[in-house]
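Chain by chain, the residues:
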Amino acid sequence: MTEDNQNNEFKPQPLPGQVFIRPGIDDRPDYEKTLTPEAKAAMHRLTVKQHPRVPEASNERPETQVARIAAEGGAPLTAAAHLDAAVPNLESSFLDLRDPMTAPDGTKPTKSQANRLTAGFALGSMLFNVPLAALNTVLMPQFVCRLTAVDGTSGLTPANGLNSSCNLALLTIAGFVLTFVMNAVIAVASDHSYCRFGRRTPWIIGGSVLTAAAVAIMATAEILPLAVFFWLLAQIGYAMVAIPFAAAFGERIPDKFRDRADSWRGKGQAFGEMVGVIAAVAATWNLDGLDWSVGTTRTAIVDCAWGFLVAAIVTLLILPFESSSSYLPRRSVKRSDYFSQYRPPKDAPKFYVAFVARMLGVAATVGITVFQWYMAQFGLDKASVDSRFLGFHGAGAVVVAMAVCTFVGALAAALLLGRIARAVDDLRMPAVASCVLFAVAAVLPLLIDDHMLAIALYALLAGFAYVVFDSTSQSLELAILPDVRSVGRSLAAYSLANTIGALLGVAVCAVVIIATGVYLSMFAVAAIAMLLAAVLTLPLKNDGASIEND
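Scoring rules and cut-offs
- Here the residue numbers are simple positions, counted from 1 along each chain's written sequence.
- Reporting of local features is limited, given that this is a predicted model, to residues whose pLDDT is at least 70; pairs of side-chain atoms are given and counted only at 80 or more, and all residues count toward the totals for whole chains, interfaces and linings.
- Excluded from the side-chain calculation are hydrogens and water; included are all heavy atoms of the structure.
- Helix numbers and strand numbers start at the N terminus; a helix is a DSSP run of H or I with at least 4 residues, a strand a run of E with at least 2.
- When checking whether two residues touch, look at their non-hydrogen atoms; a contact exists if any pair is within 4.5 Å.
- Expected helix span is given by 1.5 Å per residue-to-residue step, counting one fewer step than there are residues.
- Ring geometry is summarised as follows: Phe, Tyr and Trp rings, the Trp one being its six-membered ring, pair when their centres sit within 6.5 Å, and such pairs are stacked at plane angles under 30 degrees, edge-to-face over 60 and tilted between the two.
- A 1.4 Å probe rolled over the protein chains alone gives each residue an accessible area, and that area as a share of the maximum for its type sets the label: buried under 20%, exposed over 50%, partly exposed in between.
- Consider the ring centre and the ring normal. A charge sits over the ring if Lys NZ or Arg CZ is within 6 Å of that centre and within 35 degrees of that normal.
- A 3.5 Å cut-off defines polar contacts: any pair of N or O atoms within that distance qualifies, except that in protein one atom must be a possible hydrogen donor and the other a possible acceptor, and neighbouring residues in sequence count only when both atoms are side-chain atoms.

A. Just the overall build of the protein, in detail. Along the protein, the regular secondary structure elements total 18 helices and two strands. The contacts of the protein with a sequence gap of at least 6 include a subset with a gap of at least 24, amounting to 81%.

Right, dumping it as structure tokens:
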């Protein structure tokens, strides 16, 4: 090839059908043809290599796991207590030179967006918990009792109540097991979601629609197995909402105002639980109705289905739009990713002691929560049934009184806990004292003849005690971890105490109620469980966490 032909080959040519050569576009040399191999190697050495940051798995973020612990078995108002964590998050921007107004997902919200994030997560926690608390505490016990009846009546008889307690226990336990499995699957799946709408938003939308549809269809069921199937399907849908919602909170909230956002989220969740119970009781004033008339359990369940949809719409409209995850580096999913998050830390014997202590604490509260409607409907004296509270009467008055008193007691603990923690050097003291206070409160319904008064006092004192126990036990657990770099994974394993404790509490309370025929006997179970938790809390001395060498 002559030199002229070689020059013509490298000379830029206009586009087909055009005469002119566009400066800076068509006249740029083709480096693949003009550069020698040596020049290409030199450019490769000088090129800056970009390594996009792979987002942490949701189970590795301490903030995500703390949000999950509070939502799945803890006291929501623990976050409002502002109790300093014993072990800091090593990824916090306060420990390096990063801007604390930059969120873990890389976004830097403006002041308006920061306020929207705080309001969105607080209001979302409240709105999602209203229909959830209504179903778990009031409507599902009513519905199971109605479908358990074999004579075509509403089933509101003491004998049918015991059969319903057994069915409700099996239904609840199945829901806990399914939720545990789905939590592991959904946590990994949402971490590997690559979509222009973000990693979490599509899951929240899909989960809300699935939950609403399953709950609405469940309301039409005429046999218990069909209701159980759609209730478990609703549990899958709600897990699709709860897990990504907790992960989004850990990712989108900058460190600068995380404490404030966490506090409002806890307040919203606790307030939503109380409102949900009151709304469910107010919506089911016609328990004898077996059709779709106003005031029946069926219509109230359908209202809850609409509640999940409203919660999703309002929450996503208030929150700033989530950034696209399409550009994120793709990672393959390993089989070990699903349940490896529940692996306990090594060389931490006190971790298991703290684990069992929390498991017993959760068991003491969940068992009473699940069966409180049957206790109010079938297990109290006539004077208590005829009592009134906030305009409600009968079983509804008892359940509403428990919800309101629990919220008031928990709020008082959240306001006072900071001062209590600063007044003592060892957090084991308030932790053990709260367990004893809870046990004393649980004994009151067994000693006082006025059951309405006794149960209200129990709810008030137990609500206070459980917030203190939940806050201090989490701080003690963080302090005994051997390696602060794995706080997120350790807390994920610690959250298993919520699931196992709930299973244990429901199973034992159901066995005791069916064996004795006395619903108040579950308070004795709760008292014993909390006293055992107090004994196990004593050896949890704060030795401080460390950073181990690789």
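B. Structural context of helix H17 (residues 496–516). If you check H17, its first and last C-alpha atoms are 30 Å apart, about what 21 residues at 1.5 Å a residue would give, namely 30 Å. Gly-517, located one to two residues past H17, shows a positive phi value of around 75 degrees.

C. Main features of the packing of aromatic side chains. Using the criterion set out here, one finds 14 aromatic pairs in the structure. For the pair Phe-121 and Phe-249, a centre-to-centre distance of 5.3 Å together with 90 degrees between the ring planes defines the contact as edge-to-face. On the criterion of sequence distance, the pair formed by Phe-121 in helix H5 (residues 111–148) and Phe-249 in helix H8 (residues 224–252) is long-range, its members being 128 residues apart. Taken together, a centroid distance of 6.1 Å and an interplanar angle of 65 degrees make the contact between Phe-128 and Phe-245 edge-to-face. Placement of Phe-128 in helix H5 and of Phe-245 in helix H8 is noted, with a sequence separation of 117 residues between them. Overall, the relative accessible area of 9% leaves Phe-245 in the buried class. One aromatic cluster in this structure is built from Phe-121, Phe-128, Phe-245 and Phe-249. The ring of Phe-197 carries Arg-196 above its face, with NZ or CZ at 4.7 Å from the centroid.

D. Spotlight on the side chain of Arg-265. Its location among the elements puts Arg-265 in helix H9 (residues 258–283). Given the relative accessible area of 5%, Arg-265 is considered buried. Within polar-contact distance, the side chain of Arg-265 engages the side chain of Asp-262 at 2.4 Å.

E. The arrangement of the side chain of Thr-499 in detail. Along the chain, the position of Thr-499 falls in helix H17. Thr-499 gets classed as buried once you look at its relative accessible area, which sits at 15%. Other than its neighbours up to four places away in sequence, Thr-499 contacts Phe-176 and Phe-180.

By themselves these figures say nothing about function.
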